[in-house]
Structures are given as C-alpha cells and as structure tokens.
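Summary of the model geometry
Each chain, written out:
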Amino acid sequence: MTRHRRSYQQRIFIYFFAVFTVFTVLTLAFQFNREKEFRKEQLETELNTISEITLKFIERYELFYYKDFSRLDTIKQLVPDKNLRITVANRKGNILYDSFVADYQNMENHLTRPEFQKALHSGQGGNIRHSSTTGQDFYYFARYIDDYFIRCAVVYDVKVQNFLQTERVFIFFILALFIITGIILYFVTKRLADFITKLRDFAIRANNDEDMSSDTEFVDSEIGDIQKQIVSIYNHLHDAKNELGAEKDRLYNHLNALNEGIAFFNSNNEKILANSRFIQYINLISDHSTISVNALFDIDEVKPLLEKLKEYLDDEKIINPHNLPVETIRIAKNDKFYKIQGIIFPDKSFEILMSDITRLEKRRLLKQQLTSNIAHELKTPLASIKGYLDTLLSTKSLTKEKQLYFIEKAYAQSKRLGDLLNDISLLNNIEDAGELFDFKELKVRPIINDVVENMTSRLVEKNMHIELNIDDSVQVYGNENLLASVFQNLIENSINYAGKNTSINIRQYLEDEKFYYFSYLDTGKGISEEHLTRIFERFYRVDEGRMRETGGTGLGLSIVKNAVQLHQGDISARIKTGGGLEFIFSLSK
Ligand code: ADP
C-alpha cells in the first residue's frame, strides 16, 4: 500500500501552522498569567483597604470590648461589592462574626485555614480557594491584630473566557498576522515547490535514462545552480557509465576468449561472474553434467581447495591487498590434468581459476621418463666401451689382431653412442625448438634421391630394390634436413628389419588443398599387430634384447613422427597383407 504523500507546499504549511499555533498559545498563556497576577494584586489592595476599614470600625466602636460584631453589617452595606465577606475570629480561631453566615456562633474553628496560619505567624496572609458555602473561588485575606483575626474575602473571578473577551483585539491581531503571513508563505513556497517539482521531474528523467542534453530550463538562482550542477554530474556519470559498460563488455569478451575457466564468488559462495569455459571445466571434472557454476562446490576433488579458502573466509584476519592469498590444487580426472586456483580478495570475495594442464603435465611426465630412459640407453654402449678398453689394458698378452678387434668393437660402440646423442638432440630440437628449423618450398623427389644415393652400398649389399613413384612437381613446405631424416630413418629400418632381397616402394598417392599424402612400404617380414601403435614411442623396440645391443637407437620412428607433425602432417603404420610394413603419412604443401 502506498502512503499518500503530502506535497512539499502542504508540508511547509503544516509546519508553519504548527509553529504559529504553539507561538499563539504560549503568548496567550503568558498574557493570561500576567492578567491573573495583576488581578490578584488588585484584589489584595482592595481587601487590604477593606480590612483596614473594618479594623478602624472595630476600634471606633470598641467592638472587641462590647463583643457586638453584628454592627459590622453596616460596612457591608457601604461597600458596593455584594460578594464581600467579612469574618472576625478570636485568637483560638473561633468565629465571632461572619457576614455570610447568620448563625456564625456555630461555625467550625478556622485556626487551621491557611490565611489564619499565615496571619498568626507574619501578621497577615492570603489564600485563594473554593468556598463550599457559596460554590465560588474566593480570595481570602486575614490579619492578626491584638489577639483577633480579621478576615476579608472577595470572589476570585479571573476566568479564561473573561480573559478572552477582554483580549479580543489581541486575538484578532494574531489572527490577521497569521493570515497575512500565510498568504506570503503561500507564494514563497509555491515558487520553491515549483523549483523542487522541476528538480524532481529532472531526476526522474535522469533515472529513466532519458536524454538530458536538451534540458536548458535553468532559472537564475541558487536552485538553478543546483540544477546545473546536477546536469553536469549526471552527464559525467552517464559518460562514466558508458565507458564502464564498454570496459565491462571488453572484460567479458576477454574472459570468454580465455582458455581458462574463471569465476568470481562473494563470501557467501554466490556467483558474481563466470565465463562459459568455467562451466565446461566443471562438467569435465564432475561426473554429471550441469549448467550451474555452484556445482563446483559439490565436486569432491575440489573440496580440499574450498576447505583451504574457507579458513581465510571464516577468519577475522585482514587480507593484504598487495599479497593476496593463493591456494592451488592439481587434480587428475579421465586421463586429464587440471590446475585449480583460488585467490581471496580483501572483501572476502574470491576467484576460482581452472586450467587444463594435461599437455604440460604429460610433457613433464614424458620428459621425466625420457631422462631416465636416456640414462639407461647411454649406459649400454658406455659399459661395452669400458669393457673392451678394460680388456685391452688388463690383458697384455693380446695378439695384434685381437687388440684391433677390441678397438674396432669399442669404436663401433662409441659411434652408436654418438648416433644416440645425435638422435636425442634432434628429437629435443624438434619438440622444444621447432621454430628454429628453416621452412621453405621443397621438391620431395630430389631429397629422397640424395638419401637413397648415400645408402646405395648398403642397399646393394642386401640386394634391396627401391621403387619411387613421386612426380618431380611434388613440392611441400618443409625443412630439408628433417625430410631427409624422415626418409633416411624409414629406409634404414627397412635395411635393418626387412632384410635381404626385399623391395621398398615410396609413392605419393593423393593430394588435397593442403596436403600431399605418401605411402612408404617394404616387403619385409613386418611386425605383429600388438606393436603397431607403439613403434613410434621413444626407445620402443620390437625385439628388445637383441636390438639394444646391435640395432638402432629406438628413436628412429619417434624422430619420423615428430618431424612429420612439425610439417603439420600425420603418420600411422599398418601391416600389409602378404607381409611387409606400410607407413602412411602426409606433408603440408
Ligand atoms: P630403431 O632405431 O631401433 O630402429 P625405430 O623407432 O626406428 O627404432 O623402430 C622401432 C622398432 O620398430 C624397431 O625396433 C623395429 O623392431 C620396428 N621396425 C621399424 N621399422 C620396421 C620395418 N620396416 N620392418 C619391421 N620392423 C620395423
């Protein structure tokens, strides 16, 4: 229910009326009091005079002596005031005469009356009170002279209505003043109210986001200045709001473009802001699908982080804005790794940041594994070299031929060590510093021709034949050394594993807008199915025991795969029906 609101003008009137009424009542009360005092003084003088006359009368006719107070009736007849009451009492308060009461002999003792008591102590005293005899208020005035009390009393007639009647002019004056001031006030407040109404309308328009620039209706006064100031403040605010809106949009766009999931919560865990990636991450980490950001708080894996954050949120401790507390957890879920970070702000709101660190984490694990593999791989040739040298040094009786044999063996192993280090270094370069390889348009056929030429003697030795079905025009965007390394590794494997009297077929069988597709096939014995997916792993060998001693480094196909991937391509292996191994790969144009 809306309460009826009084207008500004009405309110000013009500205030004015209230103030004026209070002022008038106080003035009248003051006047009335003064009137009362004045009347009292007047009555006191009158009573004093009458008591003086009464005393003179008593002394003159020696009434105390004759005890004949009824003669006092004469005084009553002389005084015009019919309400005048004269009472005489002896020292004990017994009434000797009362002009109002006929059988005054039987009246009660008056010694306890206030005016008697006052007169007894200080010679005279007055008191205003109600008379039960006449039903009116009386002003009693008593004197104590020569063991007798003389009391005079008149009706005390100070009444409000009498007063109002006598003060009629004053009241009319006040009323006239009220009306004149009211009229003046009406016009003044109307003008003020007009300004205020304009200000209000203006504020409403500002609030409704209406255009304020056309608002030129300013008056030349302080209110006009206020209005101008408000317009200026409004315009500044409006600009600031627009700028803020644009900034906010930018921020939202930025947040939504991020790979990280980000969300802000207040201290009651209520969402303030979150990007869409955040929901995606929640869905990936939690086991059920959700569209609510708050589902984060139900994920068991995230709870340890939330517990840690809670310590800061519950605590009374102050958070230093220059050193915000950051808590981080890493979780693994469905073969992926996630980093979740919580940052707490001084107002106890907090931010949760989620990122997918699978690639980094896997790479870290791989590097870790690779390092230990490398150490292991290097040990074998090193141990062999040491063994041969030990034999040479310790066995003096070795024949020249034997000595030469061991030296050759040691040499072969040191060459193998060199090959291993070269392969590791090449692989590292492809992986970590691919951008350092120089890429350009290259014809594929001449590269293969060069590689084959360098290996001719070994191919002839094994009676192997190479068939090349690649057009001269086939041109890819690549690095010459890497491409040479791809074909060299493949051919070397064929020489090593396919064996004597086999053949190799290299062909470009397809092309599309972006890629050329190649097939590399040898007619050797191939490998069994279960090794197919693993042969591209580092140091993976099909015949582990035999190969480590004599075969390749176990890095050949890893280099091939990484090199192809650096050329935006892909490679896979398959077993050819009727024997042999085929590699299918693509290289970008
Ligand atoms: P290596 O340096 O030992 O040759 P690779 O990574 O080049 O290592 O090859 C991995 C394994 O794949 C080899 O140990 C070998 O058993 C198998 N392999 C590779 N190429 C062929 C092939 N053409 N025919 C048969 N087996 C092969």
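Quick summary incoming for the structure in this document. Every value quoted in this text rests on a predicted model; they were computed, and no experiment measured them. (Residues numbered from 1 in each chain as written. Predicted model: local features only at pLDDT ≥ 70, side-chain atom pairs only at ≥ 80, totals over all residues. Heavy atoms only, no water.)

For the chain, the helix and strand inventory stands at 16 helices and 17 strands. Here the chain has a C-alpha radius of gyration of 61 Å; the compact-globule value for 589 residues is 25 Å, and the former is much larger. Relative to its 589 residues, the chain shows a buried fraction of 39%. Counting contacts in the chain only where the partners sit at least 6 residues apart, residues at least 24 apart contribute 58% of the total. As displayed, the chain offers around 35900 Å² of accessible surface, 54% of which is attributable to carbon and sulfur atoms. Of the charged side chains in the chain, 75 are positive and 82 negative, and the gap between their average positions amounts to 3 Å. (Helix = DSSP H or I, 4+ residues; strand = E, 2+ residues; numbered from the N terminus. Rg over C-alpha atoms; globule rule 2.2 N^0.38 Å. Buried < 20%, exposed > 50% of the residue type's maximum accessible area, 1.4 Å probe, protein only. Contact = heavy atoms within 4.5 Å. Areas by Shrake-Rupley, 256 points an atom, 1.4 Å probe, with all protein chains shown as cover. Lys, Arg positive; Asp, Glu negative; His and termini not counted. Charge placed at Lys NZ, Arg CZ, Asp CG, Glu CD.)

Taken in spatial order, the 5 strands make up an open sheet running β2-β1-β5-β4-β3, and their pairing is antiparallel. Strand pairing shows two members of the sheet lacking a second neighbour, β2 (95-98) and β3 (124-130), which therefore form its edges. Geometrically, the sheet is characterised by an average inter-axis angle of 20° between neighbouring strands, direction not taken into account. For strand β4 (residues 137-145) and strand β5 (residues 148-155), the ladder comprises 8 bridges, and the chain directions are antiparallel. Counted as the bridge partner of R143 is I150 from β5. Across the sheet, helix α4 (residues 114-122) touches β1 (85-90), β3, β4 and β5, and the angle it forms with β3 is around 170°. (Pairing = 2+ DSSP bridges. Axes fitted to C-alpha atoms, helices over the stretch in contact; angles between N-to-C directions.)

Now for the packing of helix α11 (residues 400-432) against helix α16 (residues 556-566). Contact geometry of α11 with α16 gives a least axis separation of 10 Å together with a crossing angle of 25°. Of the possible angle classes, the one that applies to α11 and α16 is roughly parallel. Of the two possible hands of crossing, α11 and α16 adopt the one that is left-handed. On the side of α11, the interface is formed by D423, L426, L427, I430 and E431, while α16 contributes S558, I559, N562, A563 and L566. Class assignment for the residues of the contact of α11 with α16 results in 6 nonpolar, 2 polar and 2 charged. (Parallel < 35°, antiparallel > 145°, perpendicular 65-115°, else oblique. Left-handed = near helix turned anticlockwise from the far one by under 90°. Nonpolar A, V, L, I, M, F, W, Y, C, P; charged D, E, K, R; others polar.)

With that settled, consider the site of the ligand. Around the ligand lies a shell of 17 residues, among which N493, Y497, D522, G554 and L557 are the nearest. Taking G554, its main chain carries an N or O atom lying 2.8 Å from an oxygen atom of the ligand. Isolated, the ligand exposes 530 Å² of accessible area, and the fraction of that covered by the protein chains is 97%. For the shell around the ligand, the elements supplying multiple residues, two or more each, are α14 (480-498) and α16. No other element matches the 3 residues that α14 contributes to the shell around the ligand. (Near = heavy atom within 4 Å. Polar contact = N/O pair within 3.5 Å; in protein donor to acceptor, adjacent residues only side chain to side chain.)

Regular strands have side chains that alternate between both faces of the sheet. Of all 6 residues making up β1, 5 are buried, and the element is well covered by its neighbours. One ladder, built from 6 bridges, connects β1 with β5; its direction is antiparallel. Residue T87 lies in a different strand from β5, and its bridge partner there is R151. The sheet contact formed by β1 and β2 spans 3 bridges and is antiparallel.

Before going further, it helps to examine the packing of aromatic side chains. Per the counting criterion, the structure on display carries 23 aromatic pairs. When the centroid spacing of 4.8 Å and the interplanar angle of 40° are considered together, the rings of Y144 and F149 count as tilted. Feature note: the residues F265, F278, F297 and F350 constitute an aromatic cluster, connected by ring pairs. (Phe/Tyr/Trp six-rings, centres within 6.5 Å; stacked < 30°, edge-to-face > 60°.)

Within this structure, the stated rule accounts for 25 salt bridges. K303 is paired through a salt bridge with D300; the nearest N and O atoms lie 3.4 Å apart. K303 gets classed as partly exposed once you look at its relative accessible area, which sits at 35%. Take D300: its relative accessible area is 57%, and that puts it in the exposed class. Here the residues in one salt-bridge network are E52, K56 and R143, joined through shared partners. (Salt bridge = Lys/Arg side-chain N within 4 Å of Asp/Glu carboxyl O.)

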